[in-house]
Amino acid sequence: EIALFGDMQAWQIAFIVVGLPGLLIAVLMVTVKEPPRHGIRQDQAKVRFTDTLAYLNRHKGVYFTLMVGAALSSMASYGTFNWVPALFERVYGWGPAKIGTTFGLITLLVGTTGLLSSGFIVGAMLRARRTAPYSWLMITTIACVIPPSALLVTVDNPYWTLGCLSLMVLFLSAPIGLVQAALAAITPNEMRAQVIAI
């Protein structure tokens, strides 16, 4: 039993222990001063939220596409991740520990590879002065999710299924960082934080 919390399971205590340093960091953030913004005049530094909304409205085509596309991509990722344990338990008889470890490693290794490599690819495209590199790569990677998704429903082997899922994780992880970078690249400096928050 823990004071203020009462009876707790070991896993609940682990969450509290892991979360406590976050509270300390949050308190320390009060002491961090806002750095001066570069590329704008000091009288431009304060932007009202209504100004940001008006700017988004004027450019709604590009912002709507990026934000809704990112949301749909996230839904596909979360849907896939939540569905995998049930699939392997029901179809292949794998227990939570086996599929959790296996899919966790796939997510860690393949997902990180997709996330990092997309940044390197966009960097190379920017150096080559390609137009709309963020959007181009996001569209391409999401399109690349379609073949392994289609193949996934036809295979009847756990390892082929894991292969399809690995490709899906690789391509679904790419837009996660790209959309944030794209929004930052097309948004005026003084509005970036508000646009990212939206």
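A.B. asks: How would you summarise the overall build of the chain if you had to cite specific residues and measurements?
C.D. replies: If you tally the helices and strands in the chain, you get seven helices and zero strands. Helices and strands in the chain line up, N terminus first, as α-α-α-α-α-α-α. Overall, the chain is about 65 × 55 × 30 Å in size when its C-alpha atoms are taken along their principal axes. Sorting the 198 residues of the chain into buried and exposed places 27% on the buried side. Accessible surface for the chain amounts to roughly 13,300 Å². Of this, 69% is attributable to carbon and sulfur atoms. Both charge centroids of the chain, one from 13 positive and one from 8 negative side chains, sit 17 Å from each other.

A.B. asks: Pulling in residues and values, what's your account of a nonpolar patch on the surface?
C.D. replies: On the surface, Phe64, Val68, Leu72 and Met75 cluster together into a nonpolar patch covering about 420 Å² of accessible area. Within the fold, Phe64 resides in helix 3 (residues 60-92). What makes Phe64 exposed here is its relative accessible area of 56%.

A.B. asks: Residues and numbers for the environment of Ile146, please.
C.D. replies: For Ile146, the location among the structural elements is in helix 5 (residues 133-152). The exposure class assigned to Ile146 is exposed, which follows from its relative accessible area of 57%. Expressed as a C-alpha distance, the spacing of Ile146 and Leu167, which sit 21 residues apart in the sequence, is 9.9 Å.

A.B. asks: Quick rundown of the nonpolar core? Include the residues and the values.
C.D. replies: Ranked by internal contacts, the top residues of the largest apolar core, which has 16 residues, are Val84, Phe88, Trp94, Ile99, Phe103, Leu162 and Leu165. Those elements giving two or more residues to this core turn out to be helix 3, helix 4 (96-127), helix 5 and helix 6 (158-186). Counting residues per element, this core draws most heavily on helix 6, which supplies six residues. With residues near it in sequence (within four places) discarded, Trp94 still touches Phe88, Glu89, Ile99, Thr102, Pro158, Tyr159 and Leu162. One finds Leu56, Leu66, Met138 and Ala182 within the second-largest nonpolar core, a separate group that totals 15 residues.

A.B. asks: Pulling in residues and values, what's your account of the packing of helix 3 against helix 4?
C.D. replies: Orientation of helix 3 relative to helix 4, taken along the N-to-C sense of each, is 145 degrees, at an axis distance of 10 Å. Every pair of crossing elements has a handedness; the one defined by helix 3 and helix 4 is right-handed. Where helix 3 approaches helix 4, its residues Phe81, Val84, Pro85 and Phe88 are matched on the opposing element by Ile99, Phe103 and Thr107. Each residue belonging to the contact of helix 3 with helix 4 can be placed in one class, and the counts come to six nonpolar, one polar and no charged.

About the thresholds
Residues numbered from 1 in each chain as written. Predicted model: local features only at pLDDT ≥ 70, side-chain atom pairs only at ≥ 80, totals over all residues. Heavy atoms only, no water. Helix = DSSP H or I, 4+ residues; strand = E, 2+ residues; numbered from the N terminus. Buried < 20%, exposed > 50% of the residue type's maximum accessible area, 1.4 Å probe, protein only. Areas by Shrake-Rupley, 256 points an atom, 1.4 Å probe, with all protein chains shown as cover. Lys, Arg positive; Asp, Glu negative; His and termini not counted. Charge placed at Lys NZ, Arg CZ, Asp CG, Glu CD. Patch = residues over 30% accessible without salt bridge, like charges linked within 9 Å, V, L, I, M, F, W, Y side chains within 5 Å. Salt bridge = Lys/Arg side-chain N within 4 Å of Asp/Glu carboxyl O. Core = buried A, V, L, I, M, F, W, Y, C linked by side-chain atoms within 4.5 Å. Contact = heavy atoms within 4.5 Å. Axes fitted to C-alpha atoms, helices over the stretch in contact; angles between N-to-C directions. Left-handed = near helix turned anticlockwise from the far one by under 90°. Nonpolar A, V, L, I, M, F, W, Y, C, P; charged D, E, K, R; others polar.

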